[in-house]
Amino acid sequence: NGSSNDAGNEIIELSEEEMRYKPTSLTVTLYDSQKSIYGFTYNTTENPIKAVIQIKKKGADSWSEYALNSKKALYFDSEWQIFYHYISKAEIKLDANSTYIYRVCDTGAQKKFGKYIGSEEVTFKTKNTKSNSFSFAHISDTQRGSEQFGLSLSKITDKVDFLLHTGDIIQNPIESDWKDMIDNNFKYLSRIPMMAIAGNHEVNG
């Protein structure tokens, strides 16, 4: 178990307690395409001390920092026992048609433990709001495997403005299935906005 360091590339070993603050299941959503507002959401097993997103335009020297709002949410484990996670989310207005680098982290936990506890750095490009056209990909029923989902994502990421997922992202509405599907496809889902609709597999639990 580990996390990227402050430079975004070296892996730092984290203790079991520190891992509870490490972001998982990071996704990006396009909240308002005309105003270029993007949403960033991730989970932790511990209530974040100070959850933030650090973001800058490609080539810039310094980060801008935005606080994320965190709330407690109910989950199921593989034995269908109830437990709780914390969802942290921010909606940020960005410049259109621009390339950004960002990372999500807990600067409070970083201060407490003396090490970086956050995601890898991600590079992504915002939509051109002056264009009258847009492109998207549609997918559904990815619940049979994160590897196959990743293969599909590898064909469309950086080629479309967003992904429309019409349900059954996971097989069972349990935390391990979500982590398997999202964390194993971090390099895609952290860069392409996914607009998701709940299918029967998401709501049966």
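Peer 1: How would you sum up helix H4 (residues 175-183)? Please name residues and give values.
Peer 2: By the burial criterion, the buried members of H4 are Glu175, Asp177, Met181 and Ile182. Buried residues in H4, looked at end-on, bunch into an arc of 160 degrees, giving them a common side. Turning to H4, the residues buried within the fold contact strand S3 (24-32), strand S4 (37-44), strand S7 (69-76), strand S8 (82-93), helix H3 (146-156) and helix H5 (186-189).

Peer 1: So what's going on with the sheet that holds S7? Which residues, and what values?
Peer 2: What the four strands build is an open sheet, ordered S3-S4-S8-S7; its pairing is antiparallel. Only two strands of the sheet have a single partner each, and these edge strands are S3 and S7. Here the average twist between neighbouring strands, direction ignored, is 25 degrees. Pairing geometry for S3 and S4, over six bridges, is antiparallel. Directly across from Thr29, in S4, lies its bridge partner Gly39. Along the sheet, H4 contacts S3, S4, S7 and S8; its crossing angle with S3, the most-contacted strand, is approximately 70 degrees.

Peer 1: Got a sec to walk through a nonpolar patch on the surface? Specific residues and values, please.
Peer 2: A grouping of Leu74, Ile82 and Tyr84 is seen on the molecular surface, where their side chains present a nonpolar patch of about 300 Å² in accessible area. Structurally, Tyr84 can be placed in strand S8.

Peer 1: Explain unusual backbone geometry to me, using residue names and the numbers behind them.
Peer 2: Notably, Trp80 is not glycine yet its phi reads approximately 65 degrees, a positive angle. With respect to the helices, strands and loops of the structure, Trp80 is situated in the loop between S7 and S8. Judged by relative accessible area, Trp80 falls into the partly exposed class, the value being 42%. We note that Asp141 has phi near 55 degrees; this positive angle belongs to a residue other than glycine. Structurally, Asp141 can be placed in the loop between strand S11 (136-139) and H3. Overall, Asp141 belongs to the partly exposed group, its relative accessible area being 44%.

Peer 1: Lay out the pairing of strand S9 (residues 99-106) with the relevant residues and their values.
Peer 2: In terms of burial, S9 is largely enclosed, as seven of its eight residues are buried. Judged from the seven bridges that link them, strand S5 (residues 51-57) and S9 form a sheet pairing that is antiparallel. Looking at S9, one finds that Val52 is bridged to Cys105. Here four bridges tie S9 to strand S10 (residues 122-125), and the two strands are oriented antiparallel to one another. Residue pairing across strands places Thr99 opposite Lys125, the latter belonging to S10.

Peer 1: Could you give an account of H3, naming the residues involved and the relevant values?
Peer 2: An α-helix turns once every 3.6 residues. As a result, residues three or four positions apart point the same way. Within H3, burial applies to Ser146, Phe149, Gly150, Leu153 and Ile156. Angular distribution of buried residues about the axis of H3 spans 125 degrees; they occupy a single face of the element. Turned more than 90 degrees off the buried face of H3, the exposed positions are Glu147, Gln148, Leu151 and Lys155. Looking at the buried positions of H3, the neighbouring elements they touch are S11, strand S12 (162-165), H4, H5 and strand S13 (194-196).

Peer 1: Break down the sheet that holds S9 for me, citing the residues and quoting the values.
Peer 2: Across the sheet, four strands lie side by side as S6-S5-S9-S10; this open sheet has antiparallel pairing. Two strands in the sheet have a free side with no partner beyond their single neighbour: strand S6 (64-67) and S10. For this sheet, the mean inter-axis angle between neighbouring strands, taken without regard to orientation, is 30 degrees. The sheet contact formed by S5 and S6 spans four bridges and is antiparallel. Residue pairing in the sheet places Val52 in a bridge with Ala67 of S6.

Peer 1: Can you break down the pattern of salt bridges residue by residue, with the values?
Peer 2: Side chains that differ in sign of charge can pair as their charged atoms come close. Tallied over the full model, the rule gives seven salt bridges. With a shortest N-O distance of 2.7 Å, Lys57 and Asp95 are connected by a salt bridge. On the criterion of sequence distance, the pair formed by Lys57 in strand S5 and Asp95 in the loop between S8 and S9 is long-range, its members being 38 residues apart. Given a relative accessible area of 36%, Lys57 falls into the partly exposed group. Under the relative-accessibility criterion, Asp95 is labelled partly exposed at 41%.

Criteria and thresholds
- Residues numbered from 1 in each chain as written.
- Predicted model: local features only at pLDDT ≥ 70, side-chain atom pairs only at ≥ 80, totals over all residues.
- Heavy atoms only, no water.
- Buried < 20%, exposed > 50% of the residue type's maximum accessible area, 1.4 Å probe, protein only.
- Helix = DSSP H or I, 4+ residues; strand = E, 2+ residues; numbered from the N terminus.
- Arc of directions from axis to C-beta.
- Contact = heavy atoms within 4.5 Å.
- Pairing = 2+ DSSP bridges.
- Axes fitted to C-alpha atoms, helices over the stretch in contact; angles between N-to-C directions.
- Patch = residues over 30% accessible without salt bridge, like charges linked within 9 Å, V, L, I, M, F, W, Y side chains within 5 Å.
- Areas by Shrake-Rupley, 256 points an atom, 1.4 Å probe, with all protein chains shown as cover.
- Salt bridge = Lys/Arg side-chain N within 4 Å of Asp/Glu carboxyl O.

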